[in-house]
Amino acid sequence: MNYYLGIDCGGTFIKAALFDTSGKMFGCVRENVQMISEQAGYAERDMNELWQVCATVIRKTIAHSQIDPKRIKGVGISAQGKGAFLLDKQNQPLGRAILSSDQRALHIVKQWQKEGIPEKLYPITRQTLWTGHPVSILRWIKENEPERYQNISSVLMSHDYLRFCLTGELFCEETNISESNLYNMEAGQYDPELADLLGLTGIIDKLPPVIAANKIAGHVTPEAAKLTGLAEGTVVVGGLFDVVSTALCANLDDETKLNAVLGTWSVVSGVTTNIDNQQTLPFVYGRYAQSDKFIIHEASPTSAGNLEWFVKQWQLDYQYINQAVSELAPAKSSVLFVPFLYGSNAGLGMQAGFYGIQSHHTQAHLLQAIYEGVLFSLMYHLNRMKQRFPQATYLRVTGGPTKSKIWLQMLADFTGMTLEVPQIEETGCLGAALMAMQGLGEQANVFEKQSMLSIQPNPDHFEAYQHKYQRYQQLTDALKAML
């Protein structure tokens, strides 16, 4: 029996898990990885610390599984997209990594919008512009830290950096770098004209070669083997953008299914074989893990990270939260929560907050409002995606909130859609491990016995949720006037 290691580097945790070719998991360890926010709008990560935590979770996973490291044939990495992980000319971290939830480049994005840059970019890149895109971050560094900008040798994203730490080889993985605004989506390659348009002339030379998700990128070095417990020479493949990983594990196979991820980001994804030029909305496309397909997704950092913040402030237990919320009548409270702690999908610069609190409200009402607010924000993306995928009747759901039955039932009742929850552990890790299997020509049979938990909507609650959602929309519209 061969085994494959999947690593999942998210906004809050980094995990490692071992699988066989049937998808059975033989050990999983996760550790918190610190996000540093020392100024308003900043979201950074210490790159050396990230690698050390990654090495630790790999080592602990191998020890927990009691599997001989020589039987681990390949490694894949799934990670959050965008952001910027920079190396200097000695291939050392060039300051802290800047994450996709960072908002320091807000004024730059607003200026680009005034100049009509997004409209010029979109037909080529199939991307919108966001503060956490590599191009926004790079332009901010160029304007505010010119010496740092001049010292850039390589522009990477998080799994590119971790793969480099494992192998010493530099690549940019395709499913992730295709969403950088430096990549021509139809041509399938970097485009220097994009860099010129964004005031980043010459930055293309700092981008390592593109590698496909399932192609071999290198082998574990002696130094990395010592730190991680992996065998020297173990194969490491390109890896995946975590949105692609979850779509793979949701087994999206046609345009009747969408996948919603409720993690640090709210993401709704679908898979297609073509770029539809007739659409009026600027849907975000990316290269999929299958070479003949694209992934389309709508996303914003308006999801469960808001609940994580609340939990951290008041040291709450998730079992307590679910119990407290379940005891309240669905959508009856006047309390609304706008889940914009880390960014907004309603307007650049909008911030989080509660509205409608009265003296009889309790902590449970605030928690219920967070659950609802995250789903209301998700609905913005779901409604748009249903315009591109009008045949979609099933919504598959992945991410941490799938462990909450009350939250899932709220989503079903609110949308009126049947939910399907893939009964797969650690979709980020498994998707990455699948790429390692493919890279080594292993015949995986992960989906042959896959089961789905089906959740039916309760029609008695639909109108109450729709009414409260209308109030949420009115609130966000009113808040835009304050920008």
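Residues numbered from 1 in each chain as written. Predicted model: local features only at pLDDT ≥ 70, side-chain atom pairs only at ≥ 80, totals over all residues. Heavy atoms only, no water.

Visitor: Can you explain the packing of aromatic side chains? Please cite residues and give values.
Guide: Under the defined criterion, the tally for this structure stands at 16 aromatic pairs. Ring plane angle 35 degrees and centroid distance 4.7 Å describe the contact between Phe310 and Trp314, whose orientation is recorded as tilted. On the criterion of helical spacing, the pair formed by Phe310 and Trp314 is a turn pair, its members being four residues apart in helix H11 (residues 305–314). For Phe310, a relative accessible area of 4% translates into the label buried. Residue classification places Trp314 among the partly exposed residues on the basis of a relative accessible area of 46%. With centroids separated by 5.4 Å and ring planes inclined at 50 degrees, the aromatic side chains of Phe376 and Tyr472 adopt a geometry described as tilted. Within this pair, whereas Phe376 is found in helix H13 (residues 363–388), its partner Tyr472 is found in helix H16 (residues 462–480), the two being separated by 96 residues in sequence. (Phe/Tyr/Trp six-rings, centres within 6.5 Å; stacked < 30°, edge-to-face > 60°. Helix = DSSP H or I, 4+ residues; strand = E, 2+ residues; numbered from the N terminus. Buried < 20%, exposed > 50% of the residue type's maximum accessible area, 1.4 Å probe, protein only.)

Visitor: How would you sum up the UniProt feature "domain: Carbohydrate kinase FGGY N-terminal" (unreviewed entry) in the protein chain? Please name residues and give values.
Guide: In the numbering used here, UniProt assigns the "domain: Carbohydrate kinase FGGY N-terminal" (unreviewed entry) feature to residues 3–249. In residues 3–249, helix accounts for 36% and strand for 23%; the two terminal C-alpha atoms are 18 Å from one another. (UniProt positions renumbered as here; feature names shortened; annotations may be inferred.)

Visitor: So, H16: which residues are in play, and what are the values?
Guide: Taking 1.5 Å of rise per residue, 19 residues should cover 27 Å, and H16 covers 27 Å from first to last C-alpha, within 8% of that figure. Restricting attention to buried positions, one finds in H16 the residues Ala464, Tyr465, Gln466, Lys468, Tyr469, Tyr472, Leu475 and Thr476. Residues of H16 that are buried make contact with strand E20 (336–338), strand E21 (353–355), H13 and helix H14 (405–415). (Expected span 1.5 Å × (residues − 1). Contact = heavy atoms within 4.5 Å.)

Visitor: Before we move on, can you summarise the sheet that holds strand E24 (residues 452–455) with the specific residues and values?
Guide: Spatial ordering of the open sheet is given by E18-E19-E17-E16-E22-E23-E24, a layout of seven strands whose pairing is mixed. On the outer flanks of this sheet lie strand E18 (284–287) and E24, each paired with one strand and no other. Averaged over all neighbouring strand pairs, the angle between strand axes comes to 30 degrees, with direction disregarded. With four bridges joining them, strand E23 (residues 418–422) and E24 adopt antiparallel strand pairing. Pairing of Val421 across the sheet is with Leu453, part of E24. Contacting strand E22 (394–398), E23 and E24, H14 runs over the sheet at an angle of about 145 degrees to E23. (Pairing = 2+ DSSP bridges. Axes fitted to C-alpha atoms, helices over the stretch in contact; angles between N-to-C directions.)

Visitor: Summarise the pattern of salt bridges; cite the residues concerned and give the values.
Guide: Here the structure, examined in full by the defined rule, presents 17 salt bridges. In this structure, Arg139 engages Glu143 in a salt bridge whose closest nitrogen and oxygen atoms are separated by 2.9 Å. A residue pair is termed a helical-turn pair when its members lie 3 or 4 positions apart in one helix, as Arg139 and Glu143 do in helix H4 (residues 134–144) at four residues. Assessed through its relative accessible area of 42%, Glu143 is described here as partly exposed. Between Lys468 and Glu372 there is a salt bridge, and its shortest N-O distance comes to 2.6 Å. With a gap of 96 residues between them, Lys468 in helix H16 and Glu372 in helix H13 connect regions that are remote in the sequence. In terms of burial, Lys468 and Glu372 fall into one category: buried. (Salt bridge = Lys/Arg side-chain N within 4 Å of Asp/Glu carboxyl O.)

Visitor: Describe the pairing of strand E16 (residues 257–262), listing the residues and the values that go with them.
Guide: For a regular strand, side-chain orientation follows a simple rule: the groups alternate between the two sheet faces. Most of E16 sits out of view: six of its six residues are buried. Residues Lys257, Asn259 and Val261 of E16 are buried on one face, and the alternating residues Leu258, Ala260 and Leu262, pointing to the opposite face, are buried as well. Sheet topology note: the E16/E22 ladder contains five bridges and is parallel. The residue bridging Asn259 from the neighbouring strand is Arg396, located in E22. Examined bridge by bridge, E16 and strand E17 (residues 266–272) share four bridges and lie antiparallel to one another. Paired with Val261 across the bridge in E17 is Val267.

Visitor: Explain the domain arrangement of the protein chain to me, using residue names and the numbers behind them.
Guide: In terms of domains, the protein chain is made up of domain 1 (3–238) and domain 2 (250–482). Its C-alpha centre places domain 1 at a distance of 24 Å from the equivalent point of domain 2. Across the contact, 51 residues belong to domain 1 and 41 residues belong to domain 2. Buried area between domain 1 and domain 2, summed over both chains or domains, comes out near 3,600 Å², and the portion from carbon and sulfur atoms is 64%. Across the domain 1-domain 2 interface, the total number found is one salt bridge. Taken together, the connections running from domain 1 to domain 2 amount to 12 residue pairs in polar contact (both at pLDDT 80 or more). At six residues, strand E5 (residues 72–79) tops the list of elements feeding residues into the side of domain 1 that touches domain 2. For the side of domain 1 that touches domain 2, a count of residues per class yields 22 nonpolar, 19 polar and 10 charged. (Domains from an automatic or database assignment. Buried area = accessible area lost by both parts, 1.4 Å probe. Polar contact = N/O pair within 3.5 Å; in protein donor to acceptor, adjacent residues only side chain to side chain. Nonpolar A, V, L, I, M, F, W, Y, C, P; charged D, E, K, R; others polar.)

Visitor: Can you break down unusual backbone geometry residue by residue, with the values?
Guide: Positive phi is not limited to glycine here, since Lys82 has a value of about 60 degrees. Along the chain, the position of Lys82 falls in the loop between E5 and strand E6 (85–87).

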